[in-house]
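Okay, here's what each chain looks like letter by letter:
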Amino acid sequence: MNTNAGLYDLLSFQNGIDTLIATSPVPADTLHQVRFVLGSNNYVVENGTQYPLFIPSGSQSGLKVNLSRVMDATLQTLVIDFDAAASIHKVGNRYFLRPVLIVR
């Protein structure tokens, strides 16, 4: 896919505000999985302080979104909604990502 790689402040994409992360022609068929391979500069900001965000397999095999979406020959958009409140977990003084993603 043609990706717009970069650092994204996910909290800036709320209340109908979104961003284009990747584009690609896909064959008219069923799309079974989308995978996000994340970089290493992931963090959470709490009270103005940055803390590392631990993402199991995020930079190796990626975050996998399983779906069964029939893509036809017309222009289509796949929107994946990230629920930040449900996805970030603090354990002691460490933050972990267990993503809650909703396909729209």
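Residues numbered from 1 in each chain as written. Predicted model: local features only at pLDDT ≥ 70, side-chain atom pairs only at ≥ 80, totals over all residues. Heavy atoms only, no water.

**A few points about the nonpolar core**
Rules: Here, the term nonpolar core denotes a set of buried Ala, Val, Leu, Ile, Met, Phe, Trp, Tyr and Cys residues that are joined through side-chain atoms within 4.5 Å. Each residue is assigned to one of three classes by its accessible area relative to the maximum for its type, calculated with a 1.4 Å probe on protein chains only: buried under 20%, partly exposed between the two thresholds, exposed over 50%. By the convention used here, residues are in contact when the closest approach between their heavy atoms is within 4.5 Å.
The biggest cluster of nonpolar side chains holds six residues, and these are Val44, Leu53, Ile55, Leu63, Tyr95 and Leu97. With near-sequence residues (within four places) excluded, leucine 97 lies in contact with Leu38, Leu53, Phe54, Ile55, Pro56, Leu63, Phe82, Ser87 and Ile88.

**Brief notes about the sheet that holds strand β5 (residues 49-54)**
Pairing between the strands of a sheet comes from backbone hydrogen bonds, and it takes one of two forms, parallel or antiparallel. Formally: Should DSSP find at least two bridges between two strands, the strands are regarded as paired. Working definition: helices are DSSP H or I runs of at least four residues, strands are E runs of at least two. Numbering for both runs from the N terminus. Axis definition: a line fit to C-alpha positions, over the contact stretch in the case of helices; interaxial angles, taken between N-to-C directions, run 0 to 180 degrees.
Pairing within the open sheet is mixed, and its four strands lie in the order β4-β5-β9-β8. Both edges of this open sheet fall to β4 (43-46) and β8 (88-91), since each of them pairs with a single strand only. Adjacent strand axes in the sheet meet at a mean angle of 40° when their direction is disregarded. By the bridge criterion, two bridges tie β5 to strand β9 (residues 94-97) in an arrangement that is parallel.

**Focus: the pattern of salt bridges**
Applied cut-off: Salt bridge, as applied in this entry: a Lys or Arg side-chain nitrogen positioned within 4 Å of an Asp or Glu carboxyl oxygen.
Using the criterion set out here, one finds two salt bridges in the structure. The salt bridge partner of arginine 104 is aspartate 81, with a shortest N-O separation of 2.8 Å. Residue arginine 104 is located in the segment after β10 (101-103), and its partner aspartate 81 is located in strand β7 (residues 80-82); the two are separated by 23 residues in the primary sequence. Its relative accessible area of 31% is what places aspartate 81 among the partly exposed residues.

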